[in-house]
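Descriptive structure summary
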Amino acid sequence: MPENAGRRVLVAGATGYLGQFVASEFKRRGYYVRALARSSKKLEHMKDVLDEIIEGSVTDPASIEGICDGMEMVFSSVGKTRQQDKLTYRDVDYQGNANLLEAAQKAGVRKFVYVSVFHIPEVANLSIVRAHEDFVDLLASSGMDHTVVRPTGYFS
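Let me sum up the structure you'll find in this document. A quick note: this is a predicted structure, and the numbers were derived from the prediction, not measured. (Residues numbered from 1 in each chain as written. Predicted model: local features only at pLDDT ≥ 70, side-chain atom pairs only at ≥ 80, totals over all residues. Heavy atoms only, no water.)

A short note on helix α3 (residues 127-141)
When the terminal C-alpha atoms of α3 are compared, their 21 Å separation across 15 residues agrees well with the 21 Å that a helix rising 1.5 Å per residue should span. Burial in α3 covers these residues: V129, A131, H132, E133, F135, V136 and L139. Buried residues in α3 make contact with α2 (89-107), β5 (111-115) and β6 (145-149). (Helix = DSSP H or I, 4+ residues; strand = E, 2+ residues; numbered from the N terminus. Expected span 1.5 Å × (residues − 1). Buried < 20%, exposed > 50% of the residue type's maximum accessible area, 1.4 Å probe, protein only. Contact = heavy atoms within 4.5 Å.)

So, in structure tokens, the structure goes:
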């Protein structure tokens, strides 16, 4: 039996470049993978890799109620990459992830892995960086076991 048999992860941000890669890697390592997407059609090409695709939006708490039930870990690469709608970085990168964290806490999730941004003082005043860092502070104060990943950059 694989080392990770019975381990269950929710991948939020699974429609993005990084999220798709991470979901595939979790599956390769023997995890049960539930993916969160605003539109399940965006993950249609991954239906053979994913165990579940759940439609919902982290900016709408009602749509993600119970999303973490039965999961032991949440991996979130949720973040706004373009300002094309009325949602702000604060709405998505901070509040959306805060909504996801609340769902994880309610479900008794053991670990939350969050993809933030590479943080250097020269960019600390940017709204995207502030939203990410405010969520990192919230996550750190949550009491939940967590890991913050800080890539120097990736684009989807």
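Details of the environment of R90
Summarising the element assignment, R90 is placed in helix α2. Judged by its relative accessible area of 37%, R90 is partly exposed. Separated by 10 residues in sequence, R90 and K80 place their C-alpha atoms 9.0 Å apart. Not counting the four nearest positions on each side in its chain, R90 is found in contact with Q95, R130, A131 and D134.

Things to note about the pattern of salt bridges
Counted according to the given criterion, the structure contains 11 salt bridges. Residue E25 is joined to R28 by a salt bridge in which the shortest nitrogen-to-oxygen separation is 2.6 Å. Here the residue E25 and the residue R28 both occupy positions in helix α1 (residues 17-28), the gap between them amounting to 3 residues, near one helical turn. Salt-bridge contacts for E102 lead to K106; the nearest nitrogen and oxygen are separated by 3.4 Å. Within this pair, E102 and its partner K106 are both found in helix α2, separated by 4 residues, close to a single helical turn. For E102, a relative accessible area of 41% translates into the label partly exposed. Taking relative accessible area as the criterion, K106 reaches 69% and is therefore assigned exposed. (Salt bridge = Lys/Arg side-chain N within 4 Å of Asp/Glu carboxyl O.)

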